[in-house]
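Residue-level structural notes
What follows is the residue order along each chain.
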There are 2 protein chains.
Amino acid sequence: MSDARPYKVALVQMACGDDAQANLKTAVACTQEAAGKGAKVVCLPELFRTRYFCQKEDAKIFDLAETLPGESTQALAKVAKAKKVVVVVPVFEKRAPGLYHNSLAVLDADGSLAGTYRKMHIPDDPQFYEKFYFAPGDLGFKTFATRAGKIGTLICWDQWYPEAARLTALQGAEILFYPTAIGWLSADKNTEGPAQREAWRTVQRGHAVANGVYVAAVNRVGHEPGGGGKNGGLTFWGSTFLCDPQGVVLAEAPADKEAILYGEVDPARIEEVRRGWPFLRDRRVDAFQDLTRRFID
Amino acid sequence: MSDARPYKVALVQMACGDDAQANLKTAVACTQEAAGKGAKVVCLPELFRTRYFCQKEDAKIFDLAETLPGESTQALAKVAKAKKVVVVVPVFEKRAPGLYHNSLAVLDADGSLAGTYRKMHIPDDPQFYEKFYFAPGDLGFKTFATRAGKIGTLICWDQWYPEAARLTALQGAEILFYPTAIGWLSADKNTEGPAQREAWRTVQRGHAVANGVYVAAVNRVGHEPGGGGKNGGLTFWGSTFLCDPQGVVLAEAPADKEAILYGEVDPARIEEVRRGWPFLRDRRVDAFQDLTRRFID
């Protein structure tokens, strides 16, 4: 069996307000608290420094971006080093004048930068106008060998793509972290809301099953006003969860409250589940070439 | 919106006994009954002509194979033509001396052969010794434009592979049919059973969500004795189900009884769901090349 040890992870479900410094302070405090409770990896939600600004398109908003490394990673690297904890830090990344990404840094447990990931799949839907703000990632899919364990990172819209989960898991990830900002539009919260959230849970639990890995979705929570007019804002649905390599939900946060969720990643459990159902052995890699096509007409 | 009409499908959950003629008779009767109730597509379970013989390895068992087209397809083609119904007919296919496949035929609503599919992913686990019996499929992933609608077909172990679902859906399938023979080993039915069945449901509902297609899993039911010794046989878990393009289960059969399950496939609902969550638009087809690798070391 694997000689890797189990490790505790913490998923920070937070509300994000107008004050970027206050949001950073909350993230630092939650990371410290989680490390104090034994977490070896802490994951923060997508774009946690700000409101989810993609509800409208406004070029002034690019002022909110920061460099990577930059203010957020510096503040959290101090915690990572002091508490010997790995931290997944989502950042609105300013890469060059006029070039921005929806990114994250993985800080290792000594405070060093283990690496970065740039969101590969960029959505664009009413009140989720991300294609205006973010260039698609160009670093590919990533797994990082940290002092705690091998962790794969993806961001929000990536969570709907089996290809993204697979390519990350094939690099040896024991857990896929999905920092997220997903919520309901006011217009269809009541009619479509439950089915939307259940689809979101299901597809990610499906990635866990198909790949034999742990999956953690880390969402923000709370209502954020929209851009005026008919835009009634977004209610982020929280529901941060951790599931095991068989898709069993181990821990789940409420839909409407901040929370730090804890759970354990056990590499021996991954080995056990994959021996029982050895999907990786039988993939028809000789027949997958057309996955690089948009559609097969 | 799409101008294709909704159509009714029927999923035949049956027990399969020792008598191949009796099993065929049951399949014919169920297909007739389903067509009489308005089904435009009927799907039978994997290897329905026989017991699930892969519980042991015995070369004499190859005698059970038949040609394709052959006895099963001829009998069901008569029903297809008479009742104007599309039928998915799983067959233990004898292709050449010493060369066998786990296959299916799609019979169009005029009784003609719309095409065949050969199971691409072949399992091999205790009491599921399929690699002994079946050569891996060499026809690739398939969608068939039938008189009822565009249907994709996969078989059992394929259901764990997101790549297989994707490559079938990308050909325009409105529904993925998974004829199946999956059950519990007596040894771990009580301890592992519920989690196994839930993982099976979840990964397939995940395919529905990720691809915006209907998914139908069509399983056999009942206990079948094993090969003697410690082999306590298999209890097939039934639980045949149909889910919609958002992963919502529309109909589900019991775990322990024969049943014909009915549901509707509505192409307009596929269009609606995909407009809401346009995953196909954003796939990073430029970054998927490594899906043809076994692992990324």
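Residues numbered from 1 in each chain as written. Chains lettered and ligands numbered in written order. Predicted model: local features only at pLDDT ≥ 70, side-chain atom pairs only at ≥ 80, totals over all residues. Heavy atoms only, no water.

1. Section: the overall build of chain A
A count of helical and extended segments in chain A gives 7 helices and 15 strands. In terms of overall size, chain A behaves like a compact globule, its C-alpha atoms giving a radius of gyration of 18 Å where 297 residues would be expected to give roughly 19 Å. Dimensions of chain A, computed from the C-alpha atoms along their principal axes, are close to 55 × 55 × 40 Å. For chain A, with 297 residues in total, the buried portion stands at 61%. Sequence separation of at least 24 residues holds for 69% of the intrachain contacts in chain A that already meet a minimum separation of 6. Counting every atom, chain A has about 10,800 Å² of accessible surface; 51% of that belongs to carbon and sulfur. (Helix = DSSP H or I, 4+ residues; strand = E, 2+ residues; numbered from the N terminus. Rg over C-alpha atoms; globule rule 2.2 N^0.38 Å. Buried < 20%, exposed > 50% of the residue type's maximum accessible area, 1.4 Å probe, protein only. Contact = heavy atoms within 4.5 Å. Areas by Shrake-Rupley, 256 points an atom, 1.4 Å probe, with all protein chains shown as cover.)

2. Points about the pattern of salt bridges
For the structure shown, the criterion picks out 50 salt bridges over all chains. The closest approach of N and O atoms between Lys 119 of chain B and Glu 130 of chain B, which form a salt bridge, is 2.8 Å. One end of the pair, Lys 119 of chain B, is in the loop between β5 (113-118) and α3 (130-133); the other, Glu 130 of chain B, is in helix α3, and 11 residues separate them in sequence. Between Asp 256 of chain B and Lys 257 of chain B there is a salt bridge, with its nearest N and O atoms 3.7 Å apart. Look at Asp 256 of chain B and you get exposed, because its relative accessible area is 58%. Salt bridges sharing common partners tie together Glu 93, Arg 95, Arg 118 and Asp 138 of chain A. (Salt bridge = Lys/Arg side-chain N within 4 Å of Asp/Glu carboxyl O.)

3. Remarks on the sheet that holds strand β11 (residues 221-224) of chain B
Residues and elements named next belong to chain B. What the 3 strands build is an open sheet, ordered β9-β12-β11; its pairing is antiparallel. Two strands lie at the open edges of the sheet, namely β9 (183-185) and β11, each paired on one side alone. For this sheet, the mean inter-axis angle between neighbouring strands, taken without regard to orientation, is 20°. For β11 and strand β12 (residues 234-237), the ladder comprises 4 bridges, and the chain directions are antiparallel. By the bridge assignment for β12, His 223 is matched with Thr 235. The strands touched by helix α5 (residues 189-211) are β9 and β12; relative to β9, the strand with the most contacts, the crossing angle is about 155°. (Pairing = 2+ DSSP bridges. Axes fitted to C-alpha atoms, helices over the stretch in contact; angles between N-to-C directions.)

4. Some words on the packing of helix α4 (residues 162-169) of chain A against helix α4 (residues 162-169) of chain B
One way to put it is that α4 of chain A packs onto α4 of chain B with a least axis distance of 10 Å and a crossing angle of 150°. Comparing the axis directions of α4 of chain A and α4 of chain B gives the class roughly antiparallel. The hand of the α4 of chain A/α4 of chain B crossing is left-handed. Between α4 of chain A, through Pro 162, Glu 163 and Arg 166 of chain A, and α4 of chain B, the contact on the second element is made entirely by Pro 162, Glu 163 and Arg 166 of chain B. Class assignment of the residues belonging to the contact of α4 of chain A with α4 of chain B gives a composition of 2 nonpolar, no polar and 4 charged. (Parallel < 35°, antiparallel > 145°, perpendicular 65-115°, else oblique. Left-handed = near helix turned anticlockwise from the far one by under 90°. Nonpolar A, V, L, I, M, F, W, Y, C, P; charged D, E, K, R; others polar.)

5. What about the relation of the copies chain A and chain B?
Applying a rotation about an axis and a shift along it to one chain copy brings it onto the other copy. Its rotation angle being 180°, the transformation that places chain A on chain B also includes 0.0 Å of axial translation and leaves an RMSD of 0.0 Å. Here the symmetry operator amounts to a two-fold rotation axis. When C-alpha distances to the rotation axis are compared across chain A, the minimum falls at Gly 206 of chain A, with a value of 2.6 Å. (Least-squares fit on C-alpha atoms with pLDDT ≥ 70 in both.)

6. Focus on the packing of aromatic side chains
All names here are of chain A. Enumeration according to the criterion identifies 46 aromatic pairs over all chains in this entry. Measuring from ring centre to ring centre gives 5.6 Å for Trp 200 and Trp 237, while their planes differ by 75°; the resulting arrangement is edge-to-face. One end of the pair, Trp 200, is in helix α5 (residues 189-211); the other, Trp 237, is in strand β12 (residues 234-237), and 37 residues separate them in sequence. Among the residues examined, Trp 200 registers a relative accessible area of 0% and is labelled buried. What makes Trp 237 buried here is its relative accessible area of 0%. Pairwise contacts between aromatic rings join Phe 53, Phe 62, Phe 92, Tyr 100, Phe 132, Tyr 133 and Phe 134 into one cluster. The ring of Phe 236 has Arg 220 sitting right over it, with the charged end atom 5.4 Å from the ring centre. (Phe/Tyr/Trp six-rings, centres within 6.5 Å; stacked < 30°, edge-to-face > 60°. Lys NZ or Arg CZ within 6 Å of the ring centre and 35° of its normal.)

7. Describing empty space enclosed by the protein
In this structure the tally under the stated criterion is 3 cavities of 30 Å³ or more. Computed from the structure, the largest cavity encloses a volume of approximately 60 Å³. If you go around the largest cavity, the residues you meet are Pro 162, Val 203, Gly 206, His 207 and Ala 210 of chain A together with Pro 162, Val 203, Gly 206, His 207 and Ala 210 of chain B. Partitioning the lining of the largest cavity into residue classes produces 6 nonpolar, 4 polar and no charged. (1 Å grid on protein atoms, 1.4 Å probe; cavity = no way out; pocket = protein on both sides within 12 Å on 5 of 7 lines; lining within 4 Å. Points joined across faces, edges and corners; volume = space filled by probe spheres on them.)

8. Notes on the side chain of Gln 246 of chain B
Structurally, Gln 246 of chain B is set in the loop between β13 (241-243) and β14 (249-252). Other than its neighbours up to four places away in sequence, Gln 246 of chain B contacts Ala 195, Gln 196 and Ala 199 of chain A together with Val 209, Arg 269 and Trp 277 of chain B.

9. Let's talk about the sheet that holds β12 of chain A
Residue and element names in this part refer to chain A. Spatially, β9-β12-β11 is the arrangement adopted by the 3 strands of the open sheet, whose pairing is antiparallel. Of all the strands in the sheet, the pair left with one neighbour each is β9 (183-185) and β11 (221-224). Going from strand to strand, the sheet's axes swing by 20° on average, the running direction of each strand aside. Its contacts with the sheet put α5 on β9 and β12, and the angle it makes with β9 is roughly 155°.

10. Focus on the interface of chain A and chain B
At the junction of the two partners, chain A supplies 52 residues and chain B supplies 53 residues. Together, the buried faces of chain A and chain B total about 5,200 Å²; carbon and sulfur atoms form 63% of this surface. Broken down residue by residue, the surface that chain A buries against chain B is led by Arg 284, Leu 291 and Arg 294 of chain A, which jointly contribute 13%. Counting across the interface, chain A meets chain B through 8 salt bridges. A salt bridge links Glu 163 of chain A to Arg 166 of chain B; the nearest nitrogen and oxygen atoms lie 2.7 Å apart. (Buried area = accessible area lost by both parts, 1.4 Å probe.)

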